[in-house]
Structures are given as structure tokens and as C-alpha cells.
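Letter by letter, the chains look like this.
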Amino acid sequence: MDHIISPSLLAANFGRLEEDIELVNSSVADWLHLDIMDGVFVPNISFGFPVIEHIKRISKKPLDTHLMIVDPDRYLSRFRDAGASILTVHYEACNHLNRTVHEIRKLGMKAGVSLNPHTPAALLRDILPYIDMVLIMTVNPGFGGQSFIEQSYHKISELKDMVKSINPDVLIEVDGGVDSSNALRLIETGVDVLVAGSSVFGTDDPVRAIADLKNLQ
Ligand code: DX5
Ligand code: ZN
């Protein structure tokens, strides 16, 4: 399978969001990554439902929605109604993860589970049969523009082995510090989906940066 590119809108210019979403529409990006932060699970606040609804009206790409919020169960149907296609919750934020991922799928979305850098991949063993994607955080969540944590390669390899033996349909996504210097090695290690914020919107030509991440060599 060709790998998927999911540009993170967090690094876009919020003063001209529409233009930046149109850039993604015109690119070879597969998804659009939205970071939802509540100021409790992570030390930052991003944006909420009215903004997601606005993005949904403009975006031609499926919304890959990454919830960095506590108690996400309270809002699952609202994210579906706002336009999320893939809904990823954090392992660390869910007391009843099995129930949460079933609910996400019941609402018609793909279910993802994300791990903070300190959370071992082995903890996902019993949830893998019920989910569509694992998002490995390769920085501490909360902010764009941080440096990639090198230790992540070990975690991705370990997760890839588990995915192969338990549920080969599960996609592995990485998020944080992804750029042209590490993208190829990440794909070779077993990653299916690259999220990229600064390395796309921080350049003069985001459409080209997306194409470069898609056509790795
Ligand atoms: C960080 C977010 C990321 C962020 C990545 O908590 O989950 O999606 O936008 O930004 P870069 O690619 O700049 O590290
Ligand atoms: Zn993210």
C-alpha cells in the first residue's frame, strides 16, 4: 500500500485558513489532520466544533481528527456531526477504551488510538482487534514544531510486529517532527500514515512539500 499523507492544519495560518485548506485540496495529500486540544490533557488549546464545521465545508479530504482531550466519550457524536471521518483518542485519556472505540465505529467513523511517547506499544495488544489505526506520538503532544523523538523507531517496529500478528488491517500513523529527513526511514520501519505540520505549512510551497513526502526516495 502506498503511504498516506495527512498534513496537520495546526501549522497553517489561521488568519487565512480557507486558503491553506484549498492548498491541501489541490495537493496529493490523502487526509487533513486536525488537532483538538482542551488545555487539560495537553498544555494548549486549539479549536472546537464551529471551526471543524467550517473546515469540513471547505476540505475535500477526509478529516483525520486527533483528540488531545480528557473524557472524549462526552463528545464522540458531536465530532461525527462536525465532519470527522477518522477519530483518534488517546490511550491515556480513556478509562474504558474498549467501549470508546466501539462507540466511535458505531457512529460510522474509523477508530484510532494514540500513544504518548512514554506509553509502551505492548499496552495495545487487547485493543488492536477493534480499531482501525494507532497514532504514535513522536513528540510530546500539545505543540507543533518540536523535534522528533528518535526512540520512536523501536516503538514503531514493536507495534508493527503486533499489528502483523493480531490485526494486519490496522494502520500505523506517526505525528510530530516528521519531515523529509526521517519520512523514508519511518515508512521503511512500518508506518502507513505521515502527519506533518511545520514541514508542510512552514515552507514556501506546501503543495510541493506534501508531494515530496508522498514521493519518497
Ligand atoms: C502535536 C500535534 C501535531 C502537530 C505536529 O501535539 O498532534 O499534529 O501539529 O506538528 P509538527 O509536524 O510541526 O511536529
Ligand atoms: Zn496531531
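Before any of the text, the structure's been laid out above.
Source: prediction; values computed, not measured.

Topic: the coordination of the zinc ion (ligand 2)
Those donors, His 33 (NE2), Asp 35 (OD), His 66 (ND1) and Asp 175 (OD), are the protein atoms that reach the zinc ion (ligand 2), and they lie 2.0 to 2.3 Å from it. Taken together, the six donor atoms coordinating the zinc ion (ligand 2) span angles of 71 to 166° at the metal, a pattern that classifies the geometry as octahedral. In primary-sequence terms, the residues that donate to the zinc ion (ligand 2) follow H-x1-D-x30-H-x108-D. Of the two residues, His 33 sits in strand β2 (residues 32-37) while His 66 sits in strand β3 (residues 63-68), which places them 33 residues apart along the sequence. The two residues His 33 and His 66 agree in class, both being buried.

Focus: the environment of Val 134
Inspection of the secondary structure assignment puts Val 134 in strand β6 (residues 133-137). Note: C-alpha distance between Val 134 and Glu 173 (39 residues apart in sequence) is 6.1 Å. Among residues more than four places away in sequence, those in contact with Val 134 are Val 113, Leu 124, Leu 128, Leu 159, Val 170, Leu 171, Ile 172 and Glu 173.

Thoughts on the packing of helix α1 (residues 17-25) against helix α2 (residues 49-58)
Interhelical geometry of α1 versus α2 gives an angle of 45° and a closest axis separation of 10 Å. By the angle between their axes, α1 is oblique relative to α2. Relative to α2, the crossing made by α1 is right-handed. On α2, the residues touching Leu 17, Glu 18, Ile 21, Glu 22 and Asn 25 of α1 are Val 51, His 54, Ile 55 and Ile 58.

What about the side chain of Ser 114?
By secondary structure assignment, the location of Ser 114 is in strand β5 (residues 110-115). Looking at Ser 114, the relative accessible area reads 0%, which means it is buried. Of the polar contacts made by the side chain of Ser 114, one reaches the backbone oxygen of Leu 135; its length is 3.1 Å. Leaving out residues up to four positions away in the same chain, Ser 114 has contacts with His 66, Thr 88, Val 89, His 90, Tyr 91, Glu 92, Leu 135 and Met 137.

Structural notes on the nonpolar core
By size, the foremost hydrophobic cluster in this structure holds 59 residues, and its most contacted members are Leu 9, Ile 52, Ile 55, Phe 79, Leu 124 and Leu 186. Per-element accounting of this core gives the leading share, five residues, to helix α5 (residues 152-166). Here Phe 79 is in contact with Ile 36, Phe 49, Ile 52, Thr 65, Leu 67, Ile 69, Ala 84 and Leu 87, once residues within four sequence places are set aside. Counting residues in each nonpolar core, the second largest holds six residues, with Ile 4, Trp 31, Leu 171 and Val 193 among its members.

Thoughts on unusual backbone geometry
Glycine aside, residues mostly have negative phi, and peptide bonds are mostly found in the trans state. With phi around 50°, Asp 71 is a residue other than glycine that occupies positive phi space. By the secondary structure assignment, Asp 71 is in the loop between β3 and α3 (76-82). Classification of Asp 71 as partly exposed rests on a relative accessible area of 36%.

Structural notes on the site of ligand 1
In the vicinity of ligand 1, 20 residues are found, and the nearest of them are Ser 8, Gly 142, Asp 175, Gly 197 and Ser 198. Taking His 33, its side chain carries an N or O atom lying 3.4 Å from an oxygen atom of ligand 1. Residue Gly 177 places a main-chain N or O atom 2.8 Å away from an oxygen atom belonging to ligand 1. Coverage of ligand 1 by the protein chains reaches 99% of its 380 Å² of free accessible surface. Of all the elements in the fold, those that place two or more residues in the shell around ligand 1 are β2, β3 and β8 (193-196). Here the shell around ligand 1 gets three residues from one element, more than from any other, and that element is β2. Taken together, the residues of the shell around ligand 1 sort by class into eight nonpolar, ten polar and two charged.

The rules we used
Residues numbered from 1 in each chain as written. Chains lettered and ligands numbered in written order. Predicted model: local features only at pLDDT ≥ 70, side-chain atom pairs only at ≥ 80, totals over all residues. Heavy atoms only, no water. Donors = N, O, S within 2.8 Å, 3.2 Å for Na, K, Ca; no water. Tetrahedral: all angles 85-135°; square planar, octahedral: opposite > 155°, others 65-115°. Helix = DSSP H or I, 4+ residues; strand = E, 2+ residues; numbered from the N terminus. Buried < 20%, exposed > 50% of the residue type's maximum accessible area, 1.4 Å probe, protein only. Contact = heavy atoms within 4.5 Å. Axes fitted to C-alpha atoms, helices over the stretch in contact; angles between N-to-C directions. Parallel < 35°, antiparallel > 145°, perpendicular 65-115°, else oblique. Left-handed = near helix turned anticlockwise from the far one by under 90°. Polar contact = N/O pair within 3.5 Å; in protein donor to acceptor, adjacent residues only side chain to side chain. Core = buried A, V, L, I, M, F, W, Y, C linked by side-chain atoms within 4.5 Å. Near = heavy atom within 4 Å. Areas by Shrake-Rupley, 256 points an atom, 1.4 Å probe, with all protein chains shown as cover. Nonpolar A, V, L, I, M, F, W, Y, C, P; charged D, E, K, R; others polar.

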